[in-house]
Amino acid sequence: MLSNTEKELIVQIWDKMLPVAEDIGSEALLRMFTTFPKTKTYFSHLDISPRSEHLCCHGKKIVQALAEGARNISTLTTTLAPLSRFHAYQLRIHPTNFKIFNHCILVTLACHMGENFTPVAHAAIDKFLSAFSAVLAEKFR
Amino acid sequence: MVKWTDAERKAIKAVWGKMNVDVIGSQALARCLIVYPWTQRYFDSFGSLSDAASIMANKKVAAHGKVVLNGLGRAVQNMDDIKNTYAPLSVLHSEKLHVDPDNFRLLGDCLTIVVASQLGRAFTPDIQAAWQKFLAVVVSALGKQYH
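Looking at an unreviewed UniProt entry, one finds chain B named Globin domain-containing protein and attributed to Onychostoma macrolepis. What UniProt records for chain B under Sequence similarities (unreviewed entry) is the sentence "Belongs to the globin family."

The name recorded for chain A in an unreviewed UniProt entry is Globin domain-containing protein, from Onychostoma macrolepis. As stated in UniProt under Sequence similarities (unreviewed entry), the record for chain A gives "Belongs to the globin family."

This is the structure:
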C-alpha cells in the first residue's frame, strides 16, 4: 500500500534518475551479475561486460520503464501489460530473480543518493519495486 | 568450510574498517524496522515504533543496533569459522528469542544499503559481491542451530 506522500517521493526519485538512466541501469545490472552470477544465464546472447554498449542500452531501457511505471502507479497493470507478456512468454525468468534485481537497484540508488536515500525513501522504492515486479510476473501462470 | 579469496578478505576487512560501528548498526536496525515493519514483532518492549521518525529516535533501537553490529564484528575477526563462532548466538535466536531466520537476511540487506549510502561509488560491484557473500555466511550460521 502506497501513501500519496510515498507516490510523490517515488516519482521525484525516478525523475532524478531519468537523465542518468544509462548509468543507474547498467550499474544495477552489473552489481547483480557480480554478486549473483547465476543471473548472467539470462544474458548469454549479449555482451554484458562493464560499460559495454549492450549493458548501457539495456540498463537505460529498464530505468525508463521504471520511471514510466512510477508516473502511472495506479494503472501499473495496464501500463506494463506489454512488458508483462514479454517477461512471461518470452523471457521466462525464474521469479526469485526479480527480488535479486530489485535489491541491486536499491544498492545503486543508495550509492548515488547517499544520505538522501533515507529510510522512508528506501521503504517507498522497495514497495514500488515489489508492486512493479508482481505485475511483470503476473502472467507467469 | 567457506573459502575466501585474498581479494574477498581484503574487501570485507576494508568495508568493516570504514564503518562507524556506533552508528551503522543503529541505522541498519532502524531501517529494517521501517522498511519491513513485521520485524517490529520482536521489539514490543522497545516503546514507540509507530512511525519512521519515532523508530529513528528510539534509544533502545539505537542501543540494540550497536549490540548487533558488535556481534557482526566477531564474524569479521573469525572469518574462517563463522559457523562455530555463531553457534551460541544461533541457539539464542532460536530458543530464546524465537526469531524467524528469514528476517536475518532482511537486516543484512538493510545493512548493505546503509553501507552503500555511506561509501557511495567506493562500494563497487566487486566489493558488494564479497560483502554479500560474507553476510550470506553470517545469516546461514545464525540459522544453523534451529531445529
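A word on empty space enclosed by the protein. Using a probe with the size of a water molecule, rolled over the atoms, empty space left in the structure can be pinpointed. Residue and element names in this part refer to chain B. This model, assessed by the stated rule, comprises one cavity of 30 Å³ or more. Reported here for the largest cavity is a volume of approximately 40 Å³. Of all the secondary-structure elements, those providing two or more residues to the lining of the largest cavity are helix H1 (6-18) and helix H7 (102-119). Sorting elements by how many residues they give to the lining of the largest cavity places H7 first, with three residues. Of the residues belonging to the lining of the largest cavity, the class tally is five nonpolar, one polar and one charged.

The feature "domain: Globin" (unreviewed entry), as annotated in UniProt, sits at residues 3-147 of chain B in this numbering. The span residues 3-147 of chain B carries 72% helix and 0% strand; its end-to-end C-alpha distance comes to 26 Å.

Cut-offs and rules
For every chain, the first residue of the written sequence is number 1, and numbering continues from 1 along that sequence. Chain letters start at A and ligand numbers start at 1, both assigned in the order the entries are written. Note on the predicted model: pLDDT of at least 70 is required for a residue's local features to be given, and 80 or more for side-chain atom pairs to be given and counted; whole-chain, interface and lining totals, by contrast, use all residues. Side-chain measures were taken over the full set of non-hydrogen atoms in the model, leaving aside hydrogen atoms and water. UniProt positions are given in the numbering used here, feature names are shortened, and annotations may be inferred rather than shown by experiment. A pocket, in this scheme, is an open set of points on a 1 Å grid over the protein atoms alone with protein on both sides within 12 Å along at least 5 of 7 lines, while a cavity is a set where a 1.4 Å probe fits but cannot get out; residues line either one if an atom lies within 4 Å of a point. Grid points are joined across faces, edges and corners, and a volume is the space filled by probe spheres set on the points. Helix and strand assignments come from DSSP, with helices taken as H or I runs of at least 4 residues and strands as E runs of at least 2, each series counted from the N terminus. Each residue receives one of three labels: charged for Asp, Glu, Lys and Arg, nonpolar for Ala, Val, Leu, Ile, Met, Phe, Trp, Tyr, Cys and Pro, and polar for the others, Gly being one of them.

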